[in-house]
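Spelled out, the chains give:
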Amino acid sequence: MHDDVSLTLGRVRRVLTERIRPAVHGPRLPMEVRAHRLPGEPVPPDQGLGLEHDPYEVGTPWGPAWSTTWFRLRGEIPQQWAGQPVEALIDLGFDVNMPGFQCEALVYLPDGTPVKSLNPRNQWVRVSDTAVGGEAVELHLEAAANPVLLDYHPFLPTQEGDVQTSSPKPLYTTRHMDLAVFHPEVFELASDLTVLLELVEQLPEGARRGRILTALDAALDRVDLQRIPETASAGRAELVEVLQAPASASAHTISAIGHAHIDSAWLWPVRETIRKVARTSSSMTELIDATDDFLYGMSSAQQYAWLKEHRPEVFARVKQAVQEGRFVPLGGMWVESDTTMPSGESLVRQFLHGQRFFESEFGIRCRGVWLPDSFGYSPALPQLMRRAGFEWFFTQKISWNQVNRFPHHSFDWEGIDGSRVFTHFPPMDTYNAQLSGEELARADRQFREHRTSTSSVAPTGWGDGGGGTTREMVAAARRVADLEGSPKVRWEHPDDFFSRARAELPEPPVWVGELYLELHRATLTSQHGTKRGNRRTEHLLVAAELWSTLAAVRTGADYPYEALETLWETVLLHQFHDILPGTSIAWVHREAVETYARVEDEARKIIDGALDMLAGSGTDHLVANAAPAPARLHGIELPADTLTAPGSSSAPAVELRRDGEDLLLENSLVRIRLDDAGHVVSAVELATGREAIVAGERANVLRLHQDFPNMWDAWDVDRFYRNTVEVIDGVDELTAEVDAAGAAVVTVTRSFGSSTVTQRLTLEPESRMLRIEQETDWHEAEKFLKAVFPLQVWATETIAETQFGVQRRPTHTNTSWEAAKFETSMHRFVLVEEEDFGVALVNDSIYGFDVTRDADGEVTTTVGLSLLRAPRFPDPETDQGLQHHCLGLVVGADVTSATVEASALNIPPVEIAGDAQTAARLGRPLAQVEGPAVLRSVVKLAADRSGDVVVRVYESAGRRSHAELTLDPALDAEAARAVSLLEEETDDVPELTVDSQAGRLSWPIRPFEVTTVRIPQA
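Please read all numbers here as calculations on a predicted model, not as lab measurements.

1. A closer look at the overall build of the protein
(1) Moving on: Along the protein, the regular secondary structure elements total 20 helices and 55 strands.
(2) Moving on: The C-alpha radius of gyration computed for the protein amounts to 31 Å, which stays within 12% of the reference 31 Å derived for 1018 residues, consistent with globular compactness.
(3) Moving on: Each principal axis of the C-alpha atoms in the protein carries an extent, and together these give about 100 × 65 × 60 Å.
(4) Moving on: Excluding contacts between residues fewer than 6 apart, the proportion of contacts in the protein whose partners are at least 24 apart in sequence is 75%.
(5) Moving on: Accessible surface computed for the protein: about 36500 Å², of which carbon and sulfur atoms make up 48%.
(6) Moving on: In the protein, the 95 positive side-chain charges and the 150 negative ones have mean positions that sit 3 Å from each other.

Written as C-alpha cells, this is what we have:
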C-alpha cells in the first residue's frame, strides 16, 4: 500500500486551522463599545463599573503600558439566534503565543458579578446557553495593558518594566468585540481531530496508527467545508471507533491538576498580580461550574488573601469551589518562595502562615509542599517539611539542568539531618502542560520509575502570568482518559496521586543533599538591594519577637501580634522566587527596597518599645544582644539574648604599625598584614602560627568579570565569565588609625570603570575577624564583581551555612555533577578547613560564592564572594548606585565559631540608656540554651495567641549532642512539650526530660535537628 501518511496529516492540519476551528463560532454581530481610560492606578471594580464612558471604535489603539481601560460592551441577541448558545468574542489585540504576558481583562456583569478572564488563549465569554431573541447583553471589561517584556527576541533591555519610565504610546489595537453563535458540535469535532492528530504524530507505524489515519480521512470526507455546522456530527461519527478504543492495561497514568502557576511578581508588579489572580480564579471557577470532574489547584496563601481583600466577590466563588473539593489549595506556604536564600525561620513562617490561613479560611491543611519553579532546593527542606506536618514534595525545575539529567521522578529526598520526604518530578518537564499528544508521549517516554510505578503528575494550564486551564484542555483530557496508544489522563487531587505513588514505591530510590539547579546561578547575586533588605528584616523580626516576648512576660506589655504577623507576611511575600532572586522588573525591585526600609523601620520601633519597657528609666549605658550566642562590643563580651550594663573593656588596643610599605594590625589573637594597596597579604593565628593567606598572593582582591550569559540575563552566569577578569587594585586614597574603641581601622578607596569602592577594614581587640565594610558606587553594565580570597588551606570541601545547619560540597570537579556547581549558595558564612585549622568568610548580605583548588607546589583553596552584577534584563538599571556589604575574614575558625561570628555580624548589639538594675531583673533570657553547638533560633509567643512561649533551637555543627533549656520561673517547665513547627502537638518530636525543680528541660539532639518547644506561662 502506498504511504499517504503525510498527505493525511497535512490535510487534517489545514482543515482544522483554516476551516473547522474558525467555524466553532457562526454568525457574528458587533457590539456597541464605550471606554474609559484611567489616568493612573487601577480602581476597585465597584468604582470601575460606575465610570462615565466615551465612544470607542473597535480597531482603535488603546492601553499605554501598565494602564487600565474599562470597556462597556452592549448588544442585542437577534431573533434568528433564539435557542442557540451565544458567546461574546473579544480580541483586545492578543498574540496567542503570549498567554499571561500581555493584555488581559476581567469580565463583569453590570451588577458587579465577575464572569471570567479574557486573555490570548481565552477570548470568549458565554452569554447564554439558550439565547432569547431580543435579549439585551451588557458586559464590562477591566482591561490591563501589560507590556510584553519577554518578547520573540527575549532579554532585550527595556524601560517598559517600570511605570515611571514606560512609554505613553498605546500598545494594543482591538480587533473585534462581537456576539456570535457558538456551535458545540463543531467545537467537539475540532477537539476530536486535535487529539487524534497529536496522537498519531507520536505513534509508531502499526495497526493503531493506520486505523486512526483512515478514520481521519473518512471524517474529513464527511464534513462539507461549506456547511461545517450541519455536517460536523457526520464527521464525528467516523471517529467514534478510534476514540473509544481503550488504553492498554499497562498504560502510564497522568494525574492532571488544573494549574496556572501565577508568579506573585515577575514581569509585572505585585499590584498586577493581585488582578491576575482574580482573573484566573474567575475563569477557573467558571470552568469548574461548566464541568463535572475538572479540578484546579492554586498555591500560595498570599494569593487567596489578596482575593479576600481586593476581590471578595471572586473569593466567595473560590471558597465555594474549595468546599466542593474542586478548587484545591496547594503547597501550604505563604508564597512559592525561593528556598536557598531565606533563613530557617523564614521557611518555618512560610509554612506557619500558609497553613494557618488555609485552615482558618477553608478548614483544611495542605499535605504537601508545591514548588514547581524555585531555582534549586535547600537540603534543610526535608526536615522542615516533615516537622511542619507535610507528607510530600512536588517540583519540576530540576528538569532545566544544563548538564546532568536527574535520575528519578518519584523518590525519597534526604536532607542534612537525615529526614526524608517523598518527592515527585513530573516527567512531562513542564508546569504549564497543555495535555498535547507530544507532552503525554514525553511523560511516558521519560518516566524513570516505570518498573515499579504507574503514574505521574501534569500541572495543566497556561501559567507564569496566569490564565490557567482552558476548555480545549478539558476536552482533550476527556478524550485521552482511556485512549489506545496514549497514557491515561484523569483529573486528580495531588494528595491522591502521592498516596498511590508512595504505596507503589515502598522502598523508593533516595537522593541525598541539595537539589541543585544547574541554571540560574546568578540569582544568588542579582539585585543586591533586595537581598540585603531580606537579610536585615529577617533578623530584625526575630529580634523584635525576642524583646517583645520578654516585655510581655516580664512586664505584662501587650505583645504586637498583628504588627509582627503583617511584617512577617510582607517579608515572606518578597521571598517569592522571582523577587528575592532578583529576576523581576525594575518596578518590583524599586518597591521591594522601599518596602524593606519600611519593614525595617517598623521592626526597629517594636524593638525600641520593648527595650524601653525592659530598660526602665535612667542614664546607665545598656547593651541589648539579640544574637543567639555571645557577641563582642568594643572588646566586651555580651551574653546571648540579654539586655545588660556591660561595663568597660580592659582589652588592650589593637597595635597598628608600619613594616616597610606594609601595615600590620595585631591583637591578642591574630596578626593581619596589608600591602601598600590595602590588600591582605598575611593573616596569622598567633596561638598556632598558622597562616591563612597563600604566600605571594593577595586576599580581599576585587575582581571584575565580563558577564553576558547566553540567556536569562538576571538569572544566569555562565562558566565562561571566568575567562576575562580585571583586577581592581589601584588606590585613590588609603588612611589608617586606631579609633576611640581601640580598633585598628584602614580605609581604602579605589576607582574602576565608572564606579568607585571604599572599604573600611577593622580589627577589634580580642577578635579573630578582620571586618570589611564596603560601599560601592556601582555604575557598570554586564559586569560581575567578586571579592577573592586565596587561602592557605587544603580543603576537600566547602562548608556553607544553610537553614539550621551547614551543607558540605566537594571542592573538586571529578564528575559533571561537581563541575556544574561552579557557583553555589551560602547564608552567613562559608568555611574551608583542614584537620586543625580553618578560615571562614562571613557576610551580612551575600548569598553566592565560588571555589577553586589551586596548585603551585601544594593545593590551596580560593574562595570568591559574589558581590554585585549588572544585568540589563529585565531591569536595565540593576543595582546602579550605592550598594553596601559587610564581610569578615575569620582566622582559625570551625563551624561553631563561624556560626557565632556570622550571627554577631548580622545581629549587632543595640545600645540604649536605662536603669542597670531594672535591666538586670527584666532583661535576662527567658530560656537559657545550653549544649555544644546548640543555638536558639527564636523566642516568641505562640501564633494562636494563647500566651504560651515558643522556643526553637537547633544543632548547628552536625554532631549528636544534648540540648538543655533552663527556664525562667515565669515559665511552667512541667507543662512544656516539644511541638511541630506549626506549634502543635505531634509525635514526630523528641521526648523532653523535665527537671521541674531546676526549671530545666533536656533532650538528645541529632545533627542539625530542629526542636520547637512550647511552654505555658506559670
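2. Quick word on the pattern of salt bridges
(1) Moving on: If you walk through the whole model with that rule in mind, you get 78 salt bridges.
(2) Moving on: R952 is the salt-bridge partner of E345, the closest N and O atoms lying 2.7 Å from each other. Placement of the pair is E345 in helix 10 (residues 344–362) and R952 in strand 50 (residues 949–955), with a sequence separation of 607 residues.
(3) Moving on: For the salt bridge of D836 with R690, the shortest nitrogen-to-oxygen distance reads 3.6 Å. A residue pair is termed long-range when its members are at least 10 positions apart, and D836 in the loop between strand 42 (829–833) and strand 43 (838–843) and R690 in strand 31 (residues 690–691) qualify at 146 residues.
(4) Moving on: Overlapping salt bridges, with partners in common, bring together E41, E104, E142, R271, E272, R275, K276, R279 and R311 in one network.

3. Quick word on the sheet that holds strand 9 (residues 124–128)
(1) Moving on: Taking strand neighbours across the sheet as the criterion, the 4 strands line up as 1-12-6-9 in an open arrangement whose pairing is antiparallel. A single partner strand is all that each edge strand has here, and the edge strands are strand 1 (25–30) and strand 9. Put simply, the sheet's adjacent strands are angled 30° from each other on average, direction ignored.
(2) Moving on: Sheet topology note: the strand 6 (residues 86–91)/strand 9 ladder contains 4 bridges and is antiparallel. By the bridge assignment for strand 9, L89 is matched with W124.

4. Looking at the sheet that holds strand 5 (residues 68–76)
(1) Moving on: Ordered in space as 3-2-5-10-7-8, the 6 strands form an open sheet in which the pairing is antiparallel. With partners counted over all chains shown, the strands left at the sheet margins are strand 3 (54–55) and strand 8 (114–118), one partner each.
(2) Moving on: Looking at chain direction, strand 2 (residues 32–37) and strand 3 are connected through 2 bridges and run antiparallel. Among the inter-strand pairings, R34 is bridged to a residue of strand 3, identified as P55.
(3) Moving on: Relative to the sheet, helix 7 (residues 270–290) contacts strand 5, strand 7 (104–108), strand 8 and strand 10 (136–144), its axis offset from that of strand 8 by approximately 110°.

5. Quick word on empty space enclosed by the protein
(1) Moving on: Within the structure shown, the criterion is met by 7 cavities of 30 Å³ or more.
(2) Moving on: Taken as a whole, the largest cavity holds about 360 Å³ of empty space.
(3) Moving on: Around the largest cavity, the lining is made up of 23 residues, and of these S343, G344, H539, R828 and S937 lie nearest the centre.
(4) Moving on: Counting only elements with at least two residues in the lining of the largest cavity, the list comes to helix 10, helix 15 (528–555), strand 39 (797–802) and strand 49 (934–941).
(5) Moving on: For the lining of the largest cavity, the leading source of residues is helix 15, giving 5 residues.
(6) Moving on: In terms of residue class, the lining of the largest cavity is made up of 10 nonpolar, 7 polar and 6 charged.
(7) Moving on: If you add up the space inside the second largest cavity, you get close to 130 Å³.
(8) Moving on: The wall of the second largest cavity is formed by 18 residues, among which T340, F375, Y516, L517 and L524 lie closest to the centre.

6. Looking at the layout of surface pockets
(1) Moving on: Empty space within the largest pocket amounts to approximately 1200 Å³.
(2) Moving on: Taken together, 32 residues line the largest pocket, and the ones lying closest to its centre are R21, V96, R121, F187 and E472.
(3) Moving on: Among the elements that take part in the lining of the largest pocket, helix 3 (residues 184–200) stands out by supplying 6 residues, more than any other.
(4) Moving on: Of the residues belonging to the lining of the largest pocket, the class tally is 14 nonpolar, 10 polar and 8 charged.
(5) Moving on: Each pocket or cavity is described by its volume, and for the second largest pocket that value is around 770 Å³.
(6) Moving on: What lines the second largest pocket is a set of 27 residues, among which R632, L633, E764, R771 and A904 lie closest to the centre.
(7) Moving on: Counting residues per element, the ones that place at least two in the lining of the second largest pocket are strand 24 (631–633), strand 36 (755–763), strand 37 (769–778) and helix 19 (895–906).

7. Here we look at the nonpolar core
(1) Moving on: In terms of nonpolar packing, the biggest core is built from 211 residues, with L239, F327, F351, W413, W547, L643 and L965 touching the most fellow members.
(2) Moving on: Looking at which element gives the most residues to this core, the answer is helix 17 (residues 586–615), with 12 residues.
(3) Moving on: With sequence-adjacent residues up to four places away left out, F327 is seen in contact with S281, M284, T285, I288, Y296, M298, Y304, V318, A321 and V322.

8. Describing the pairing of strand 21 (residues 488–491)
(1) Moving on: Across the two faces of strand 21 the burial differs, with V489 and W491 buried and K488 and R490 not buried at all.
(2) Moving on: Strand direction decides the pairing type here: strand 13 (residues 253–258) and strand 21, joined by 4 bridges, are parallel. Note on strand 21: the bridge partner recorded for A256 is W491.

9. Quick notes on the side chain of H53
(1) Moving on: Within the secondary structure, H53 is located in the loop between helix 2 (45–48) and strand 3.
(2) Moving on: Within the structure, the side chain of H53 is placed 3.0 Å from the backbone oxygen of L51, a separation counted as a polar contact.
(3) Moving on: Beyond its immediate chain neighbours, meaning those up to four positions away, H53 contacts R34, A35, H36, W70, R72 and H140.

10. Points about the packing of aromatic side chains
(1) Moving on: Per the counting criterion, the structure on display carries 42 aromatic pairs.
(2) Moving on: An aromatic cluster of at least three residues, connected via ring pairs, comprises F101, F155, W266, W268, W400, W712, W715 and F873.
(3) Moving on: Over the aromatic face of W124 sits the side chain of K116, whose NZ or CZ is 4.4 Å from the ring centroid.

11. Let's talk about unusual backbone geometry
(1) Moving on: Cis peptide bonds are those with omega within 30 degrees of zero, and the linkage from F873 to P874 qualifies with 5°.
(2) Moving on: Here P874 lies in the loop between strand 45 (859–869) and strand 46 (881–891).
(3) Moving on: Although it is not a glycine, D429 sits at a positive phi angle of roughly 60°.
(4) Moving on: Take D429: it is sitting in the loop between strand 19 (420–424) and helix 12 (437–446).
(5) Moving on: Positive phi is not limited to glycine here, since R945 has a value of about 65°.

12. Regarding the packing of helix 1 (residues 5–20) against helix 4 (residues 207–222)
(1) Moving on: Put simply, helix 1 and helix 4 touch, their axes get as near as 10 Å, and they point 45° apart. As summarised for this structure, helix 1 and helix 4 are arranged oblique, according to the angle between their axes. The element helix 1 and its partner helix 4 pack so that their crossing is left-handed. In this structure, helix 1 contributes V5, T8, L9, R11, V12, V15 and I20 to the contact, and helix 4 contributes R209, L213, L216, D217, L220 and D221.
(2) Moving on: When the residues that make up the contact of helix 1 with helix 4 are grouped by side-chain class, the tally is 8 nonpolar, 1 polar and 4 charged.

Rules used in this analysis
- Along each chain, numbering runs from 1 in the same order as the chain's sequence is written.
- Predicted model: local features are reported for residues with pLDDT of at least 70 only, side-chain atom pairs are reported and counted for 80 or more only, and whole-chain, interface and lining totals are derived from all residues.
- Here the side-chain values reflect all heavy atoms present in the structure, with hydrogen atoms and water set aside.
- Each helix is a run of H or I in the DSSP string that is no shorter than four residues. Each strand is a run of E no shorter than two, and both are numbered from the N terminus.
- The globule rule is 2.2 Å times the number of residues to the power 0.38, and the radius of gyration it is compared with is taken over C-alpha atoms.
- The criterion used for residue contact is that any of the two residues' heavy atoms lie within 4.5 Å.
- Using the Shrake-Rupley algorithm and a 1.4 Å probe, accessible areas are obtained, with residue cover drawn only from the displayed protein chains.
- Charged residues are defined here as Lys and Arg on the positive side and Asp and Glu on the negative side; His and the ends of the chain fall outside this count.
- Think of each charge as sitting on NZ of Lys, CZ of Arg, CG of Asp or CD of Glu.
- The term salt bridge refers to a pairing of a side-chain nitrogen on Lys or Arg with a carboxyl oxygen on Asp or Glu at a separation within 4 Å.
- Criterion used throughout: strands pair if DSSP finds at least two bridges between them.
- Helix axes use the C-alpha atoms of the stretch in contact, all axes being lines fitted to C-alpha atoms, and the angles between their N-to-C directions lie in the range 0 to 180 degrees.
- Cavities and pockets are found on a 1 Å grid laid over the protein atoms alone: a cavity is a set of points where a 1.4 Å probe fits but cannot escape, a pocket is an open set with protein on both sides within 12 Å along at least five of seven lines, and a lining residue has an atom within 4 Å of such a point.
- Grid points are joined across faces, edges and corners, and a volume is the space filled by probe spheres set on the points.
- Ten residues, namely Ala, Val, Leu, Ile, Met, Phe, Trp, Tyr, Cys and Pro, are considered nonpolar, four, namely Asp, Glu, Lys and Arg, are considered charged, and the remaining ones, Gly among them, are considered polar.
- Put simply, a nonpolar core is a bunch of buried Ala, Val, Leu, Ile, Met, Phe, Trp, Tyr and Cys residues held in one set by side-chain atoms that sit within 4.5 Å of each other.
- Residue exposure (1.4 Å probe, protein chains only): buried if accessible area is under 20% of the type maximum, exposed if over 50%, otherwise partly exposed.
- Whenever a nitrogen or oxygen atom comes within 3.5 Å of another N or O atom, the pair is scored as a polar contact, on the condition that within protein one atom can donate a hydrogen and the other can accept it, and that pairs from neighbouring residues in sequence are kept only if both atoms are in side chains.
- Here a Phe, Tyr or Trp ring, Trp counted by its six-membered ring, pairs with any other such ring whose centre lies within 6.5 Å, and the pair is stacked when the planes are under 30 degrees apart, edge-to-face when over 60, and tilted otherwise.
- Whether a charge sits over a ring depends on NZ of Lys or CZ of Arg being within 6 Å of the ring centre and within 35 degrees of the ring normal.
- Here roughly perpendicular refers to angles of 65 to 115 degrees, roughly parallel to angles under 35, roughly antiparallel to angles over 145, and oblique to all remaining angles.
- Helix crossings fall into two classes, left-handed where the near helix is turned counterclockwise from the far one by less than a right angle and right-handed where it is turned clockwise.

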